[in-house]
Amino acid sequence: MTKTRFRPGDEVVTPRSRGTVIDICATPSGQFIFGVEDETGEVGYFTPKALQHA
C-alpha cells in the first residue's frame with residue numbers, strides 16, 4: 001500500500017467540495033492535517049483520509 005501525498009497547490013476533492021491545498025499542519029499527536037480552500041474562499045482542515053486528488 002502506498003501513501004498518497006498532498007502538497008500546497010494540489011487540487012483535491014473533500015467530503016464537502018473541491019478545492020486547493022493551501023496549508024499543512026501537524027497536530028500534537030503527530031498527525032498531519034491539510035487546509036483546503038474551496039471556490040467560495042472558505043478554508044477547512046481535513047485528514048489525508050478525507051481527501052482525494054482531483
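See the structure above.
What this report covers is the structure whose coordinates are included nearby. Predicted, not measured: the structure shown is a model, and the values here were computed from it. (Residues numbered from 1 in each chain as written. Predicted model: local features only at pLDDT ≥ 70, side-chain atom pairs only at ≥ 80, totals over all residues. Heavy atoms only, no water.)

1. Examining the overall build of the chain
Quick reminder of the rule: Helix and strand assignments come from DSSP, with helices taken as H or I runs of at least 4 residues and strands as E runs of at least 2, each series counted from the N terminus. The size measure is the radius of gyration over C-alpha atoms, and the globule rule it meets is 2.2 Å times the number of residues to the 0.38 power. Should any heavy atoms of two residues lie within 4.5 Å, those residues are considered in contact. We score Asp and Glu as negative and Lys and Arg as positive, and we do not count His or the chain ends. In this description, the location of a charge corresponds to atom NZ of lysine, CZ of arginine, CG of aspartate or CD of glutamate.
For the chain, the helix and strand inventory stands at zero helices and five strands. For the chain, the N- to C-terminal ordering of α and β elements is β-β-β-β-β. Computed over the C-alpha atoms, the radius of gyration of the chain is 11 Å, within 12% of the 10 Å expected from 2.2 N^0.38 for a compact globule of 54 residues. Across its three principal axes, the chain shows a C-alpha extent of roughly 30 × 25 × 20 Å. If you take every contact in the chain between residues at least 6 apart in sequence, the share linking residues at least 24 apart comes to 30%. The positive charge centre, built from 6 side chains, and the negative charge centre, built from 7, are 13 Å apart in the chain.

Bear in mind that shape data such as this cannot, by itself, settle questions of function.
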